[in-house]
Amino acid sequence: MIQAIFIPKLGLTMEDATVIEWQASDGDYVTKGQQLLTIETDKIMFDIEAEAEGFLHRVALPNARVLVGELAGELYPSKEAAIKATRAFKTVISDSTNTTSSDTSALNSPALPDPTSSNLSRHPAKLSFEGNGRIMVSPVARVLASEKQVDLQSVRGSGPGGVILLRDIEATPQKPSPKVSPIIVNVDSATASTRQPITPMRRAISQRMMASLSKTAQMTGFGRIDMGEVQILRESLVAQEAQLGVRITYTDIVLKAVALVLQDMPEINAYIDGDDIVILSHINIGLAVSVEGGLVVPVIRHVNRLSLVELAHKRIELIEKSRNNRLAPEDVTGGSFTLSNFGSYGGDFETPILNAPQSALLGIGQIALEPAVRKGQVVARPLMWISLTFDHRLIDGALAGRFRVRLRELLEQPAGMLAHLR
Amino acid sequence: MTTKTYCWALIDAIREEMERDPNVFLVGEDVGAAGGAFGGSRGLLKAFGNLRVRDTPISEEVIVGLGVGAAMTGKRPIVEVMFMDFFGICLDQIANQAAKMHYLYNGSFKMPMVIRTMVAAEMGIGPHHSQSLEAWVGHVPGLKVVMPSTPRDAKGLMKSAIRDNNPVIFIEHLGLHRMKDEIPDGEELLIPIGKADVKRIGSDLTVVATGLMVGKALVAAEQLARQGIEIEVIDPRTISPLDIDTILTSVRKTHRALVVSSAHKPFGFGSEVSAELMEHAFFHLDAPVGRLTPPFTPQPFGKGFEKFLHPDADRIAAKVQEMLR
Amino acid sequence: MASIKKPTSDKAVKGAQTNVLSAEEGLELYTRMLEIRECEAQLNAAFAKNLFPGYIHSYMGQEACAVGVCSILRTDDYIVTTHRGRGHYLAKGMALLPMVCEMFGKANGICGGRGGEMHAADPALGILGGNGIVGGGIPYATGAAYSAVLDGIDRICVVFFGEGASNQGSFHEALNLASAWSLPLVFVCENNLYAEMTPFKDSVRVPDVAERAHGYGIPGVIADGTDVLAVREAARAAVSRARAGQGPTLLELKTYRYGGHFQGDPCNYRTRDEEKEWQSRDAIIRLRRQMLSQGLQNEATLESLELRMAAKVAEAVQFALDSPDPEPTSALLSVYAD
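All figures in this text were calculated on a predicted structure; none of them were measured in a lab. (Residues numbered from 1 in each chain as written. Chains lettered and ligands numbered in written order. Predicted model: local features only at pLDDT ≥ 70, side-chain atom pairs only at ≥ 80, totals over all residues.)

What to know about the overall build of chain B
Step number 1: For chain B, the count of helices and strands is 11 helices and 14 strands.
Step number 2: Taken across its 325 residues, chain B has 65% of its residues classed as buried.
Step number 3: For chain B, long-range pairs separated by at least 24 residues make up 79% of all intrachain contacts whose partners lie at least 6 apart in sequence. (Helix = DSSP H or I, 4+ residues; strand = E, 2+ residues; numbered from the N terminus. Buried ≥ 20, exposed ≤ 12 C-beta atoms within 10 Å, placed from the backbone. Contact = placed C-beta atoms within 7 Å.)

Describing the overall build of chain C
Step number 1: Along its length, chain C carries 11 helices and 7 strands.
Step number 2: Of the contacts formed within chain C by residues at least 6 apart in sequence, a portion of 76% connects residues at least 24 apart.

Quick look at the pairing of strand β5 (residues 114–119) of chain B
Residues and elements named next belong to chain B.
Step number 1: Burial within β5 is extensive, with 6 of its 6 residues counted as buried.
Step number 2: A two-sided burial pattern is seen for β5, the buried positions comprising Val114, Arg116 and Met118 on one face and Ile115, Thr117 and Val119 on the other.
Step number 3: Bridge count for strand β4 (residues 76–81) against β5 is 4 bridges, and the pairing is parallel. Note that in β5 the partner of Val79 across the bridge is Ile115.
Step number 4: Viewed along the sheet, the connection from β4 through helix α4 (residues 87–104) into β5 turns out right-handed.
Step number 5: For β5 and strand β7 (residues 168–173), the ladder comprises 6 bridges, and the chain directions are parallel. Its bridge partner lying in β7, Arg116 is registered against Phe170. (Pairing = 2+ DSSP bridges. Right-handed = clockwise from strand over helix to strand, strands pointing away.)

Some remarks on the sheet that holds strand β13 (residues 257–260) of chain B
All names here are of chain B.
Step number 1: Pairing in this open sheet of 5 strands is mixed, and the strands run β9-β11-β10-β13-β14 from one edge to the other. Where the open sheet ends on each side, the last strands, each with one partner, are β9 (197–200) and β14 (290–292). Geometrically, the sheet is characterised by an average inter-axis angle of 25° between neighbouring strands, direction not taken into account.
Step number 2: Bridging between β13 and β14 involves 3 bridges; their strand directions are parallel. Of the residues in β14, the one forming a bridge with Val259 is Arg291.
Step number 3: Most of the contacts of helix α8 (residues 244–254) go to strand β10 (residues 205–209), to which it runs at about 155°, and overall it touches β9, β10, β11 (231–235) and β13. (Axes fitted to C-alpha atoms, helices over the stretch in contact; angles between N-to-C directions.)

Some words on the pairing of strand β2 (residues 24–28) of chain B
Residue and element names in this part refer to chain B.
Step number 1: The element β2 is extensively covered by neighbouring structure, given that 5 of its 5 residues are classed as buried.
Step number 2: Relative to strand β3 (residues 53–55), β2 runs parallel, the two sharing 3 bridges. Each bridged residue has a counterpart across the sheet, and for Gly28 the counterpart in β3 is Asp55.

Section: the interface of chain C and chain B
Step number 1: Tallying the contact residues gives 34 residues for chain C and 34 residues for chain B.
Step number 2: Elements supplying a minimum of two residues to the side of chain C that touches chain B: α5 (137–151) and α6 (169–180) of chain C.
Step number 3: Looking at the side of chain C that touches chain B element by element, the count peaks at 10 residues for α5 of chain C.
Step number 4: Its residues assigned to classes, the side of chain C that touches chain B shows 19 nonpolar, 12 polar and 3 charged. (Nonpolar A, V, L, I, M, F, W, Y, C, P; charged D, E, K, R; others polar.)

Structural notes on the sheet that holds strand β15 (residues 299–300) of chain A
All names here are of chain A.
Step number 1: Taken together, the 6 strands give an open sheet; going across it, the order is β9-β18-β17-β16-β12-β15, and neighbouring strands pair in mixed fashion. For this open sheet the edge positions go to β9 (218–226) and β15, each flanked by a neighbour on one side alone.
Step number 2: Looking at chain direction, strand β12 (residues 285–287) and strand β16 (residues 337–341) are connected through 3 bridges and run parallel. By the bridge assignment for β16, Ile285 is matched with Phe337.

A word on helix α7 (residues 212–225) of chain B
Residue and element names in this part refer to chain B.
Step number 1: For α7, with 14 residues, the first-to-last C-alpha span of 21 Å sits near the 20 Å given by 1.5 Å per residue.
Step number 2: For α7, the buried fraction is high: 11 of the 14 residues fall into the buried class.
Step number 3: Taken as a whole, α7 has its buried residues at Leu212, Met213, Val214, Gly215, Lys216, Ala217, Leu218, Val219, Ala220, Ala221 and Leu224.
Step number 4: Where the residues of α7 are buried, they touch β7, β9, β10, β11, β13 and α11 (313–323). (Expected span 1.5 Å × (residues − 1).)

What to know about unusual backbone geometry
Step number 1: In the segment running from Ala356 of chain A into Pro357 of chain A, the intervening peptide bond is cis, with an omega of 5°.
Step number 2: Checked against the element boundaries, Pro357 of chain A lands in the loop between β16 and β17 (360–374).
Step number 3: For Glu122 of chain B, which is not a glycine, the phi torsion comes out positive at approximately 70°.
Step number 4: Looking at the secondary structure, you find Glu122 of chain B in the loop between β5 and α5 (134–138).
Step number 5: With 23 C-beta atoms packed within 10 Å, Glu122 of chain B lands in the buried category.
Step number 6: Even without a glycine there, the phi angle at Ser334 of chain C is positive, about 60°.

With respect to the packing of α7 of chain B against α11 of chain B
Residues and elements named next belong to chain B.
Step number 1: Here α7 crosses α11 at 55°, and the two axes come no closer than 8 Å. One finds that α7 runs oblique with respect to α11. Helix-helix and strand crossings are classified by hand; for α7 and α11 the assignment is right-handed. Residues Lys216, Ala217, Val219, Ala220, Gln223 and Leu224 of α7 pack against Ala313, Ile316, Ala317 and Val320 of α11.
Step number 2: Partitioning the contact of α7 with α11 into residue classes produces 8 nonpolar, 1 polar and 1 charged. (Parallel < 35°, antiparallel > 145°, perpendicular 65-115°, else oblique. Left-handed = near helix turned anticlockwise from the far one by under 90°.)

Points about the nonpolar core
Step number 1: Counting residues in each nonpolar core, the largest one holds 216 residues, and the members touching the most others are Ala217 of chain B together with Val159, Leu185 and Leu251 of chain C.
Step number 2: No other element matches helix α8 (residues 228–243) of chain C, which puts 10 residues into this core.
Step number 3: Looking at which domains feed residues into this core, each of domain 1 (2–183) and domain 2 (197–323) of chain B supplies at least three.
Step number 4: Here Val159 of chain C is in contact with Val80, Gly137, Ile138, Ala141, Leu185, Phe187 and Val188 of chain C, once residues within four sequence places are set aside.
Step number 5: Among the nonpolar cores identified, the runner-up in size contains 49 residues, and Ala270, Ala360, Ile364 and Leu410 of chain A belong to it. (Core = buried A, V, L, I, M, F, W, Y, C linked by C-beta atoms within 7 Å. Domains from an automatic or database assignment.)

Points about the packing of helix α7 (residues 250–264) of chain A against helix α8 (residues 308–323) of chain A
Residues and elements named next belong to chain A.
Step number 1: Direction vectors running N to C along α7 and α8 enclose 120°, while the axes themselves pass 9 Å from each other. By the criterion of interaxial angle, the relationship of α7 to α8 is oblique. Note that α7 runs across α8; the crossing there is right-handed. Of α8, the residues touching α7 (which contributes Thr251, Asp252, Ile253, Leu255 and Lys256) are Leu308, Leu311, Ala312 and Arg315.

Quick notes on the environment of Val289 of chain A
Residues and elements named next belong to chain A.
Step number 1: With respect to the helices, strands and loops of the structure, Val289 is situated in strand β13 (residues 289–291).
Step number 2: For the pair Val289 and Glu320, spaced 31 residues apart in sequence, the C-alpha separation works out to 10.0 Å.
Step number 3: Val289 has contacts with Val296, Pro298, Ile319 and Ser322, leaving out every residue within four places of it along the chain.

Structural notes on the confidence of the model for chain C
Residue and element names in this part refer to chain C.
Step number 1: Taken residue by residue, chain C gives an average pLDDT of 90. The fraction at 70 or more is 93%.
Step number 2: The spread of mean pLDDT over the elements of chain C runs between strand β4 (residues 194–195), the lowest at 74, and strand β1 (residues 78–80), the highest at 98.
Step number 3: Scored below 50 in pLDDT, residues 1–17 makes 21 contacts in the model with residues more than four places away or belonging to other chains.
Step number 4: What the predictor reports for the complex is a pTM of 0.70 with an ipTM of 0.91. (pLDDT = per-residue confidence, 0-100.)

Quick notes on the environment of Val66 of chain A
Residues and elements named next belong to chain A.
Step number 1: Of note, Val66 is situated in strand β7 (residues 65–67).
Step number 2: Taking the number of C-beta atoms within 10 Å as the measure of exposure, Val66 has 20 and is therefore buried.
Step number 3: For the pair Val66 and Ala17, spaced 49 residues apart in sequence, the C-alpha separation works out to 5.4 Å.

A short note on helix α4 (residues 96–103) of chain C
Residue and element names in this part refer to chain C.
Step number 1: With 6 of 8 residues buried, α4 is to be regarded as a mostly interior element.
Step number 2: Buried within α4 we find Leu96, Met99, Val100, Cys101, Glu102 and Met103.
Step number 3: Packing partners of the buried residues in α4 comprise α1 (23–48), α3 (86–91) and α11 (299–322).
Step number 4: Downstream of α4 by a residue or two, Gly105 has a phi angle that is positive, lying close to 70°.

What about the environment of Lys256 of chain A?
Residues and elements named next belong to chain A.
Step number 1: The topology assignment puts Lys256 in helix α7.
Step number 2: For Lys256, a count of 24 C-beta atoms within 10 Å corresponds to the buried category.
Step number 3: In sequence terms Lys256 and Ser307 are 51 residues apart; their C-alpha atoms lie 8.2 Å from each other.
Step number 4: The contacts of Lys256, once residues within four sequence positions are left out, are Val303, Leu308, Leu311 and Met417.

Given below as structure tokens:
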């Protein structure tokens, strides 16, 4: 009977060993307990003894790396059998360097199912992206989309479940494809043109302006107002700034006067809605405010019911909010009329564009000393242009003219305003 | 440069520190005469004698307690808890005593102690000898927890741990013991605690891997590279305090992260990394942070089960590909 | 309820000279016990007035144990104690003021107000802290003892614990290791008969903790915890053994705590008669009587001492009450050492 000699497992982590030397040769007779060979693991040297008697045939060669459980040799019942035995084999152990995973070996085991897959795991992975109508976009993609002003509605997501990923935004061109042929730049020109994308605010303004002009029959009528009495009134109010708690400005006084006129001429505080003309009961006047990058029009509600002091406070509040980008939706809606001060940038008279769906807009210019005729004499008077744009579909020229006249009356004799003030 | 195995690199580290500082000593089960249950302290008893290298009874609580008291009174003990699975026996001395001594007594005591332990996941030993419990100790303020994945890191971190004036849980992996690496000669190898290591630079996805998983991630990286995917592999090396900055820098570049760990997913290391990335790199993420771990079961005995349950290089690569879809 | 077993003289330490005492020694022991008693009384009163934060675990009644043992220790010897550690802190020489401030969780407490009643320490005096975990200190006392072995000097460590802790695994592990390694560690079990609110005798088969020593091959000694001189002699023998490298001793002191497990504990688990019986054997009263009867001190000296001690403690308590609370942000410091 042939007795096999195996490489024993000598420790938990032992996987292989090196054959150092044999103490007996092929064909030698060995007794039970006799030392046969010495192997070395990464931790120790070990002598393997014969477990029975017999004639030795060596299988593992000196210096060979052998695996635990591998056949090292055999003991035959006769010397001839031992010598005759020709069992050659090679040790196939790839010398692994820095990797420890046995998965990289050439052993072909059948692929195992993934234990965390949903049909095996007790806690199936939830689908990360569940649409339900929202645009699903990754955080970094959203950031880039915002920077590039890419409209997410127009992007097709390539991620799982249709989520928009960074690569989708990166692939989106920065500007929409131009419908007009590109402007040919004169390459000899001394100055270089610049190009920058349109901001959302600018886009909004341009869309509003085009809509207003295309949908209404706008025209503008002008007038001049002698602001001398208003100046005196204002100076007096400014002198009382401490008691009033606020500095009253020309804008406040003009707002108040406009509100009084609109009370008497409600047809101007109106708009066209489809087939109806809506005459508004409230007098909410929007104030055009220039902000960085464009224009906003916050609305002062019920100007007819506010005192000059209250108007001034409200004006200050809204301008501050405008400048700090903190206007709420209710601050910019519900206006029935708009006031625009060209004078703040040195303008005189202009043809302002209506703030749809309103039907009238008043622009006031700067107050400047100009020659005027009073009692046959040419004198210097502080004069101010007013520009009233109106929608001729609703307001006729005569009505618009009456508005200007009435406004002038109130402003040139501000005591009259007092008579109507509630 | 000398080639050393992970196991010998650790022995060298301990030996060097014991030579350098007579206050350093080592106690634990089988650390002396047997040279360590897994050979992890061979030669030390002979070199330093049986006061400084001493075999203890099987008494994890007092083994750690001995370290606590010695550390409080001027010594720098290294105590061994043979398998991390045994932490349940001595958690009071670790979490209530060692971790809190310096704090509770307002700095009166330092606790320069190393608790050396072993994770034997995937070694086929069974449910009580295979758990990776860094989350237990990472959750305790006052402890530091390190988990080296290479011989070089092991040596450098062990030396730093011994020199640190705080209790450091030093987690070895049994499966890494035979890994070989080049260790520099001459200069002292000190790797700072609390500093991660970028083991491989890439740009498509960040893989954060610990312990045994680092090597697997690197193998997966090679597989993926052949398909044109370059992953960045980060080995935190220290579990707590976690070097989140290195991971954040990487994710800001790659926009995707996957944590691969031998520990369980619920309440595990991956959860911590994921939460940190959520808080500090949310706007850089192009996909949710992934976690690849064994499923939430105890570890049954045997290699067959282990191979099924634990992530390997193929699964890591597959997960990366899934996350890049 | 069955009557408890009183310590009998045949279990006392052999050869103890409980009556040998010098005037100075007597006064020193008396002063130390008085300080603890006064402290406990006034802190309990503060607690009753809702001035004391958290729990209070009163040491009243057990003073002789702490004082008897600590009186023969060196400054560099270590002690480890429990949640009921005030007696040990004071007996080992912790300064009264910073200790009381710590009890009230004040910023100038010896641990900056962080530890409170159960955690005070002073490394310079070898006081290695109390513990919130029953039996939590016993394992690390072995380490403190082992430091002396490594240093090759005859410094020792004494670990105090109650009989309840003697049922924790930590106790047995420590006893085994200390015995196997002959550590210079003295185990002092203050058996006050009730572990928290459960009579000890209901939790064990053998009512004497000292019996367990035999299993570990070390001496188990029982002494009367209400006789400070008996405690001292028993401790002296145990400490000498330890210093001589002969290993640990398990010293069981039979004693009684006057208060409950914590203040507010209605003590429904023991009888008023039992309480009165033990109080009649009060250690402080007995020492006082002994010193007077042996002419070692006179009434006037002792009365004056008692008044001064009461005043000193009262001052300390008031000082603590007037001291500032710790800055809340200080909670963020010292989680790690540099």
